[in-house]
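Chain by chain, the residues run as shown.
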Amino acid sequence: MAQALGQDLVQPSELQDDSSSLGSDSELSGPGPYRQADRYGFIGGSSADLGPGQAPADLIRQREMKWVEMTSHWEKTMSRRYKKVKMQCRKGIPSALRARCWPLLCGAHVCKQNSPGTYQELASAPGDPQWMETIGRDLHRQFPLHEMFVSPQGHGQQGLQQVLKAYTLYRPEQGYCQAQGPVAAVLLMHLPPEEAFWCLVQICEVYLPGYYGPHMEAVRLDAEVFAALLRRLLPRVHRHLQQVGVGPLLYLPEWFLCLFARSLPFPTVLRVWDAFLSEGVKVLFRAGLTLVRLALGTAEQRLACPGLLETLGALRAIPPSQLQEEVFMSQVHGVALSERDLQREMRAQLEQLPAPEAGPRPRPQARLPGAQAIFEAQQLAGARGGARPGPEVPRIVVQPPEEPRPPRRKPQTRGKTFHGLLTRSWGPPLEGPSRSQRASSSFLDTRF
C-alpha cells in the first residue's frame, strides 16, 4: 500500500522534475554568481516583488504586534481568546513570527519542555543504516533551488538529515516516509532543528496519525472521505472523475502527505500551513476540494479532459493567478465543510472500509482537530500529573457540617448585661471566644 501511494512522490532523480517541488516561481536566472534569492529564499524567484497578495507594511506591523501580544500570554490567549487566534491564522501569520507561532500552535514547545535533551541524544546517535541510506538519497530532492538546500555540505541538507534521522530513532516502528522530507524542509526554513523536529513529531502523531507509517492506513481512509465529500459538494466533478478512472489515491497523497508543499505557490503553502496548524486536517480537505473545483469546475474544463492523463494534468496545471494566496485562501475558508461534517463522514466511511489485509485499521479518533484541542489535551495531561505540570488550579475546601445539636434555650437577659453572662460574682469567669476569635470566625470555612 505504501509503495503504491508513494509512486508519485518517488521518482528517479534523473527523471524527476525537481522544479515542480518548489511551488513558487523559483527558476534559475543565470550562472551562480548572478543568482538572487527571493524573500522566501528561492534562487531566481520573483516572490520578492510586492504582488497583489502582499499586505501593506502598516497592516503587517499591526498583525505582528497582535501576535506578539497573544504569544506573550499564550495560555491565557488559548483559554479565553482562541477565536481571535483562529481568525489571525486565517489572515496569515507574519513571516517574522512564524518561528515563534508554529511551535505554540502545534504544541511542540510543550514536547520540548517535557523531553529536555532528547533531540540532542537522537541527533548524536548513529542512525539505522537502512533509513540513513534512503534519507541520504532524498536530501537533494527537497527544494533544490532554495538557498538552504543547494549544497550537500550546507546547513540545510545537514539539518534535514539530522531531523529525519532523529525521527526514525524516536519512532523506530514507523521509520522514514519520503513525504516527510518536504514537510521537514519547510519547517527548517523557519525553525531551528530541535523545534523543527518536535513540530514534525506533532504533525505525524497528532495532526495526521497513520499517514507516515509503513501501512499509511489513514491515507486510504481520507481518500474515501474525500471522494464522498466530492460526491456531495461537487457531484458533476465527481462523476467526471469516475468516468475517466481518476480515483483520489492518484492525486490526493501528494497533496495531503506533503501538506501541499509541492503543489502550491510557496506563499500560499505558508498560508495553508498557518490555517492547518490552527484548525487541523479540515483545512487540507477544504484546500483539496478548492483545487479540484478550480481544475474541473466548469463544463469546458471537463470537456478538455476526456481521459485519465488529461484530467491528472489539469489537476497539476492550475493557473498560478488562481492560486495566489489571498484569492485561494478566501475560497478555501468558504468551503462548506465543518469539523462536525468531516467527523460524521469519517465515521461513515470507516464503517464501510473493508478490513485491511495487513496492518492496523485507521484510528481517526487519535487525530486532534487543531490547536485548541491540542492545547486542552496538554493542559489536561499536566493537571493529571503528566510529564509537564499544568498551572496550579485553585481548590475550594469546605469543612463538613457539624452534627446537629439540640436547640439551645434563649438565656434570660432581662436586667442583665452581656458581661454578666460571662462572669459570676462567686466564681471564675466562664470560658468563651475572645473578641478577635469572634471577629475572624465565618459561617463557611473556605480556602483557595
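Please refer to the structure higher up on the page.
The residue numbering used here restarts from 1 in each chain and proceeds along that chain's sequence as written. With pLDDT at 70 or above as the cut-off, local features in this predicted model cover only qualifying residues; side-chain atom pairs require 80 or more to be listed or tallied, and sums for whole chains, interfaces and linings still use all residues. Values shown for side chains rest on all heavy atoms present in the structure; no hydrogens or waters enter the calculation.

Peer 1: Describe the pattern of salt bridges, naming the residues involved and giving the relevant values.
Peer 2: The term salt bridge refers to a pairing of a side-chain nitrogen on Lys or Arg with a carboxyl oxygen on Asp or Glu at a separation within 4 Å. Counted under the stated rule, the structure contains 15 salt bridges. For Glu-325, the salt bridge identified is with Arg-271, shortest N-O distance 3.5 Å. With Glu-325 in helix H19 (residues 325–333) and Arg-271 in helix H15 (residues 266–279), this residue pair connects regions lying 54 residues apart in the sequence. Taken as a pair, Glu-325 and Arg-271 share a single burial class, namely buried. A salt bridge links Arg-344 to Asp-341, with the shortest nitrogen-to-oxygen separation between them at 2.7 Å. With Arg-344 and Asp-341 both in helix H20 (residues 339–352) and 3 residues apart, the pair spans about one turn of that helix. Numbered from the N terminus, helices here are DSSP runs of H or I no shorter than four residues, and strands are runs of E no shorter than two. In this scheme, a residue with accessible area under 20% of its type's maximum is buried, one over 50% is exposed, and one in between is partly exposed, where area comes from a 1.4 Å probe on protein chains only.

Peer 1: So what's going on with the nonpolar core? Residues and values would help.
Peer 2: Residues enter a nonpolar core if they are buried and are Ala, Val, Leu, Ile, Met, Phe, Trp, Tyr or Cys, with the set joined through side-chain atoms within 4.5 Å. Counting residues in each nonpolar core, the largest one holds 117 residues, and the members touching the most others are Leu-187, Leu-208, Tyr-251, Phe-285, Val-292 and Phe-328. Should any heavy atoms of two residues lie within 4.5 Å, those residues are counted as being in contact. If near-sequence neighbours (up to four positions away) are discounted, Val-292 is found in contact with Phe-226, Leu-230, Leu-234, Val-237, Leu-241, Tyr-251, Trp-255, Gly-297 and Leu-315.

Peer 1: Which residues make up the side chain of Gln-180, and what values do they have?
Peer 2: Structurally, Gln-180 is set in helix H10 (residues 180–190). Judged by relative accessible area, Gln-180 falls into the buried class, the value being 1%. Excluding anything up to four places from it in sequence, Gln-180 contacts Leu-164, Tyr-167, Gly-175, Cys-204 and Tyr-212.

Peer 1: Tell me about the packing of aromatic side chains, residues and numbers included.
Peer 2: Here is the rule: rings of Phe, Tyr and Trp (six-membered ring for Trp) pair when centre to centre is within 6.5 Å. Planes less than 30 degrees apart are stacked, more than 60 are edge-to-face, and the remainder are tilted. Going through the model one piece at a time under the given rule, you end up with 18 aromatic pairs. With a centroid separation of 4.9 Å and 65° between ring planes, the pair formed by Phe-197 and Trp-198 is classed as edge-to-face. Residue Phe-197 is classed as buried on the basis of its relative accessible area, which comes to 0%. Between the aromatic rings of Phe-256 and Phe-285, the centroid separation amounts to 5.1 Å while the plane-to-plane angle is 80°, which identifies the pairing as edge-to-face. One end of the pair, Phe-256, is in helix H14 (residues 252–257); the other, Phe-285, is in helix H16 (residues 282–296), with 29 residues separating them in the sequence.

Peer 1: Tell me about unusual backbone geometry, residues and numbers included.
Peer 2: Here Leu-259, not a glycine, exhibits a phi torsion of approximately 55°, which is positive. Inspection of the secondary structure assignment puts Leu-259 in the loop between H14 and H15. On the basis of relative accessible area, Leu-259 is assigned to the buried category, the value being 1%. Within the chain, Phe-260 stands out as a residue other than glycine whose phi angle is a positive 65°. Looking at the element boundaries, Phe-260 is found in the loop between H14 and H15.

Peer 1: Now, about the packing of H16 against helix H18 (residues 308–315): what can you tell me, with residues and values included?
Peer 2: Only the stretch in contact is used when a helix axis is fitted, and all axes are lines through C-alpha atoms; the angle between N-to-C directions ranges over 0 to 180 degrees. Two elements in contact, H16 and H18, have axes separated by 8 Å at closest approach and are oriented at 120°. Between H16 and H18, the angle falls in the class oblique. Viewed along their axes, H16 and H18 form a crossing whose handedness is right-handed. Here H16 contributes Val-292, Ala-295 and Leu-296 to the contact with H18, which in turn contributes Thr-311, Ala-314 and Leu-315. Of the residues that constitute the contact of H16 with H18, the class distribution is 5 nonpolar, 1 polar and no charged. Relative orientations are named as follows: roughly parallel for angles under 35 degrees, roughly antiparallel for angles over 145 degrees, roughly perpendicular for angles from 65 to 115 degrees, and oblique for any other angle. Definitions for this section: a left-handed crossing has its near helix turned counterclockwise from the far helix by less than a right angle. A right-handed crossing has that turn clockwise. Gly is placed with the polar residues, together with every amino acid not listed as nonpolar (Ala, Val, Leu, Ile, Met, Phe, Trp, Tyr, Cys and Pro) or charged (Asp, Glu, Lys and Arg).

Peer 1: Tell me what's going on with the side chain of Thr-290, and back it up with residues and numbers.
Peer 2: Within the fold, Thr-290 resides in helix H16. Setting aside residues up to four positions removed in sequence, Thr-290 forms contacts with Phe-328, Gln-331, Val-332 and Val-335.

Peer 1: Could you give an account of helix H11 (residues 193–207), naming the residues involved and the relevant values?
Peer 2: Multiplying 1.5 Å by the helix residue count minus one yields the expected span of that helix. Here H11 is 15 residues long and its end C-alpha atoms lie 20 Å apart, about the 21 Å a rise of 1.5 Å per residue gives. Among the 15 residues of H11, 13 are classified as buried, and the element is accordingly described as predominantly covered.

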